[in-house]
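Take a look at the letters that make up each chain.
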Amino acid sequence: MIKPLRGMKDLAFEDAKKFNFFIDIASEIAKKYGYSYVETPILEDTALFKRSVGESSDIVNKEMYQFIDKGGNDVCMRPEGTAGVVRFFISNKLDRQQGKFKFFYYGPMFRYERPQKGRFREFHQFGCESFGEESVYEDYTIIELISSIFDKLEIGYDLEINSLGCSDCMPKYRDNLISFLQDKKELLCEDCNRRITTNPIRVLDCKNPNCKEQLINAPKITNSLCSSCNSDFEKLKKLLEQNGIKYRVNSNLVRGLDYYNKTAFEFVSSEIGAQSAIAGGGRYDRLVEFLDGKPTPAIGFAIGIERVMDLIKLPEDKKEGYYFGAMDKDGVDKIVQIAKDVKKRYNSIVEFAPKKLKAHLKAADKVNARYCAIIGEDELKSGTIWVKDLVNKEEKVLKIEDFLKH
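Trainee: Break down the packing of aromatic side chains for me, with residues and values.
Mentor: In this structure the tally under the stated criterion is 20 aromatic pairs. Taking the centre distance of 5.7 Å and the plane angle of 70 degrees together, the rings of Tyr-65 and Tyr-112 count as edge-to-face. Of this pair, Tyr-65 sits in strand 3 (residues 65-68) while Tyr-112 sits in the loop between strand 5 (101-110) and strand 6 (122-131), placing them 47 residues apart in sequence. Centroid distance Phe-150 to Tyr-157: 5.9 Å. Interplanar angle 45 degrees. Geometry classified as tilted. We classify Phe-150 as buried; its relative accessible area is 0%. Taken together, the aromatic side chains of Phe-88, Phe-89, Phe-101, Phe-103, Phe-131 and Tyr-284 make up a single cluster linked through ring pairs.

Trainee: Could you give me a rundown of the sheet that holds strand 7 (residues 158-163), with the residues and numbers involved?
Mentor: Here eight strands make up an open sheet; going across it, the order is 1-5-6-11-10-9-7-8 and the pairing mixed. Looking at which strands have only one partner, the edges of the open sheet turn out to be strand 1 (36-37) and strand 8 (248-249). The pairing of strand 10 (residues 277-283) with strand 11 (residues 298-304) spans five bridges and is classified as antiparallel. Each bridged residue has a counterpart across the sheet, and for Gly-282 the counterpart in strand 11 is Gly-300. Across the sheet, helix 5 (residues 136-153) is in contact with strand 5, strand 6, strand 7, strand 9 (261-268), strand 10 and strand 11; its angle to strand 11 comes to roughly 20 degrees. Sheet strands touched by helix 9 (residues 227-242): strand 7, strand 8 and strand 9. Its angle to strand 7, the strand with the most contacts, is close to 165 degrees.

Trainee: Before we move on, could you go through the packing of helix 6 (residues 170-182) against helix 7 (residues 190-198) and cite the residues and values that matter?
Mentor: Following both chains from N to C, one finds helix 6 and helix 7 inclined at 145 degrees, their axes separated by 10 Å at the closest point. By crossing handedness, the relation of helix 6 to helix 7 is classed as left-handed. Packed against helix 6, whose contacting residues are Arg-174, Ile-178, Leu-181 and Gln-182, the element helix 7 presents Ile-196, Thr-197 and Thr-198 at the interface. By residue class, the composition of the contact of helix 6 with helix 7 is three nonpolar, three polar and one charged.

Trainee: How would you explain the sheet that holds strand 12 (residues 322-326) if you had to name every residue and give the values?
Mentor: Strand order in the open sheet formed by five strands is 13-12-14-15-16, with mixed pairing between adjacent strands. The sheet is open, and its two edges are formed by strand 13 (348-350) and strand 16 (395-399), each paired on a single side. Between one strand axis and the next, the sheet turns by 25 degrees as a mean value, whatever way the strands run. For strand 12 and strand 13, the ladder comprises three bridges, and the chain directions are parallel. Note on strand 13: the bridge partner recorded for Tyr-323 is Ile-349. Sitting on the sheet, helix 12 (residues 332-342) is in contact with strand 12, strand 13, strand 14 (371-375) and strand 15 (384-389), with an inclination near 165 degrees to strand 12.

Conventions adopted
Residues numbered from 1 in each chain as written. Predicted model: local features only at pLDDT ≥ 70, side-chain atom pairs only at ≥ 80, totals over all residues. Heavy atoms only, no water. Phe/Tyr/Trp six-rings, centres within 6.5 Å; stacked < 30°, edge-to-face > 60°. Helix = DSSP H or I, 4+ residues; strand = E, 2+ residues; numbered from the N terminus. Buried < 20%, exposed > 50% of the residue type's maximum accessible area, 1.4 Å probe, protein only. Pairing = 2+ DSSP bridges. Contact = heavy atoms within 4.5 Å. Axes fitted to C-alpha atoms, helices over the stretch in contact; angles between N-to-C directions. Left-handed = near helix turned anticlockwise from the far one by under 90°. Nonpolar A, V, L, I, M, F, W, Y, C, P; charged D, E, K, R; others polar.

Laid out in structure tokens, this is it:
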């Protein structure tokens, strides 16, 4: 028997309901905040992710589904969503226009990593990207947007925030951090030792418990912020407090990708095991420029949909629509004809096999139909249809033309 590849899974039944429920809620809220939908290709030029995500990142080094296609192009299946939206932004010359642009997206991403609870090799993200707004009020608003999604879904969370500084304050902090890490080299894992020379700030993101312990006293970027970055960070904290969004400062929060600067944040949950992040993002004011666009302030986030699936409680299904059935084979053609008109307005299920009334009622209840509409021998002769409301238990025999009219 052929099974899905390791780290891949089918999406159906209850999970499919939860997935679509999440997408509907998140999309509705994103639109209310001024975001419009964009869909970028699953397959992109590998260079896009090497330049944006960063050559030193685990995604580029270990996890990309990368290959040479039949045309000799070096391509990969997208490991994250932001880079593709930025590429879209630049290729459509939106960086050359005055104004602010906001996009939301959702779809599959691919990373070759060890599958575990809430983490797959094919996974889905919902994300928003905002271009052209440099105010820290936008940083607050995008956090508020995520809070609105989780509040609507009744998903509990803790918010962690940090500031990664800018090109003015980061170099000095980087030097201080390298000096600290050099003294800890023998106690850190292999990945951390590699990152000391390639991207030392990523050491703070290590999930190894021993490394975490060694980093407790690491210098904090928030102690090295320039006046502008510090002012923005203090304002962000004030806005969160004023609007009732609880948070805590996590000085080791750096996010997993190289393109972030200034505000970084994660929404975490203790209900999904060790992989506790359910959403994350931050500001990436330099990424558009890195990808050959005009310098453009930007901020965004992504929610890992599989991460929150187990936390979603679906609303109770309401009975809706019609179930159509016939008592004998002569009534099937008539039922099909009637259902054709009803399907234009309501959900409709048609049973093609003739059955007894009791069997039809049981089948209608199983598909959660509100109405069970049946034609038997008497109804076929009189041009009528028997209809039962499965909620209030009322039943009627109606002329077919009256049934279709109402």
